[in-house]
Amino acid sequence: MKLPEKILYAHEHITIDLSGPKKNLDCRLDDFDATVAAYRRLAQQGLVCIVDQTNRGMGRDVTYVQKVAAAVGVEVLHATGYYKEPFLPQECYTLTEQQLCDIMVKELTEGIGDTAVRAQLIGEIGTSKEITDPEAKVFRAAARAHAETGAPICTHTTLGTRGMEQLEIFKSFGVDLSRVVLSHIDLSADLDYMKRLLDQGVNIAFDTIGKNNYQPDTDRAKWLSTLCSQGYGKQIVMSMDITRRSNFADRGGVGHSYLLDTFVPMAYEAGVPEHQFEDLLYRNGLRIYKGQN
């Protein structure tokens, strides 16, 4: 089958550092040359945009990312917000909900740090298996920032859980769910749950593709085929969420191109129509993150 001419990876981390809390240097991505090489291969396959979900407290480095983007020749959308415990910076505990909102709004409207680069989304804001008070505060602050700016929101769900609870917070603030993506829902392994979420009008991400130690990609392909056949294909985005050095192809991992080289043909064989991949790999992300049809 033929890939779409333009491709958007909806949930990646060009650089990230979770190595402190995880006590594992594998969780720090800072190899510029390897990163550029990986994304250049993707650019040759049609990649034009990367949604970088790295935010405050996750080792975000906008200058580094902009250099990668320039070297590869792709557009990168930057994020503001906070991840989840135990990765939240101290300000999530000391500042008020409104103050956290104000920080996000400033990064969305003025720029990140001392750069002129503005964040274009709120993400990935996360919840643990049980939502903690600081995580709920971040979600409320993010909902407020969305109300002020209209910025899209991307969430992290731990193993696909607590999606409904996240939506309840957003609904209480009147968030436009068509501009929200719930990430890692493929890890839930629950097709009925996926459909219940989608029926709320939200978008979900199949963005842990290649992580067969969590769920086999053969199952992901079957779920995706079923959802597309039932009319949900315009509410799903795709990516790989590479966060470890060992995920790189030259270090024994599946590599950044696995989604296009291996999973897309697998999903096509499972029944996803060829024309549907333009939505899954480009148009849906364009609509959600850039407000373009």
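Please refer to the structure placed before this passage.
Quick caveat, the model's predicted, so the values are computed rather than measured. (Residues numbered from 1 in each chain as written. Predicted model: local features only at pLDDT ≥ 70, side-chain atom pairs only at ≥ 80, totals over all residues. Heavy atoms only, no water.)

## A closer look at the sheet that holds strand S9 (residues 180-182)
Two modes of strand pairing occur in sheets, parallel and antiparallel, and in both the strands are linked by backbone hydrogen bonds.
Then step 1. With parallel pairing, the 6 strands of this open sheet are ordered in space as S6-S7-S8-S9-S10-S11. Each of the sheet's edge strands pairs with one partner strand only, and the pair in question is strand S6 (79-80) and strand S11 (236-238).
Then step 2. Bridge count between strand S10 (residues 203-206) and S11: 3 bridges; the pairing is parallel. Along S11, the bridge assignment pairs Ala-205 with Val-237.
Then step 3. The sheet strands contacting helix H7 (residues 163-172) are strand S7 (121-127), strand S8 (153-157) and S9, and the helix crosses S8 at an angle near 145 degrees.
Then step 4. Packing of helix H9 (residues 217-229) onto the sheet brings it into contact with S10 and S11, and relative to S10 it is tilted by some 150 degrees. (Pairing = 2+ DSSP bridges. Helix = DSSP H or I, 4+ residues; strand = E, 2+ residues; numbered from the N terminus. Contact = heavy atoms within 4.5 Å. Axes fitted to C-alpha atoms, helices over the stretch in contact; angles between N-to-C directions.)

## Side note on helix H3 (residues 62-72)
Residues that lie three or four places apart on an α-helix share one face, since the helix turns once every 3.6 residues.
Then step 1. Of all the residues in H3, the buried ones are Val-62, Tyr-64, Val-65, Val-68, Ala-69 and Val-72. Seen end-on, H3 carries its buried residues on one side only, within an arc spanning 160 degrees. Projecting away from the buried face of H3 at angles above 90 degrees are the exposed residues Lys-67 and Ala-70.
Then step 2. Where the residues of H3 are buried, they touch helix H2 (32-44), strand S4 (47-52) and strand S5 (75-77).
Then step 3. Regarding H3, its N-cap is Asp-61, as a side-chain oxygen of that residue lies 3.3 Å from the backbone nitrogen of Thr-63 further along.
Then step 4. Backbone geometry just downstream of H3 places Gly-73 in the positive-phi region, at approximately 85 degrees. (Buried < 20%, exposed > 50% of the residue type's maximum accessible area, 1.4 Å probe, protein only. Arc of directions from axis to C-beta. Polar contact = N/O pair within 3.5 Å; in protein donor to acceptor, adjacent residues only side chain to side chain.)

## Description of the nonpolar core
Then step 1. Within the largest apolar cluster, 81 residues are counted, with the highest numbers of intra-cluster contacts made by Ile-122, Phe-170, Ile-204, Phe-206, Leu-224, Leu-259 and Phe-263.
Then step 2. Other than its neighbours up to four places away in sequence, Phe-170 contacts Ile-125, Phe-139, Ala-143, Ile-153, Thr-155, Val-175, Leu-177 and Val-180.
Then step 3. Counting residues in each nonpolar core, the second largest holds 15 residues, with Cys-49, Leu-77, Leu-121 and Cys-154 among its members. (Core = buried A, V, L, I, M, F, W, Y, C linked by side-chain atoms within 4.5 Å.)

## Some points on the sheet that holds S4
Then step 1. If you walk across this open sheet you meet the 3 strands as S1-S4-S5, and the pairing is parallel. What marks the edges here is a single partner per strand, and that holds for strand S1 (7-12) and S5. The average undirected angle you get between the axes of adjacent strands in this sheet is 20 degrees.
Then step 2. Direction of pairing for S1 relative to S4: parallel, over a ladder of 4 bridges.

## Section: the pairing of S7
Then step 1. In terms of burial, S7 is a largely internal element, 7 of the 7 residues being buried.
Then step 2. Bridging between S6 and S7 involves 2 bridges; their strand directions are parallel. Looking across to S7, one finds that Thr-80 is bridged to Ile-122.

## A look at the pattern of salt bridges
Once their charged atoms are close, side chains differing in charge can pair, the charge on each being opposite to the other.
Then step 1. The full count for this structure, using the stated rule, is 20 salt bridges.
Then step 2. Residue Asp-261 pairs with Arg-41 through a salt bridge whose shortest N-O separation is 3.0 Å. Of this pair, Asp-261 sits in helix H10 (residues 258-270) while Arg-41 sits in helix H2, placing them 220 residues apart in sequence.
Then step 3. According to the relative accessible area criterion, Asp-261 is partly exposed, its value standing at 35%. (Salt bridge = Lys/Arg side-chain N within 4 Å of Asp/Glu carboxyl O.)

## Topic: the environment of Thr-15
Then step 1. One can find Thr-15 in the loop between S1 and strand S2 (16-17).
Then step 2. Accessibility expressed as a relative area gives 7% for Thr-15, which makes it buried.
Then step 3. Beyond its immediate stretch of four places on either side in the chain, Thr-15 contacts Leu-29, Asp-30, Asp-52, Thr-54, Gly-59, Asp-61, Tyr-64 and Val-65.

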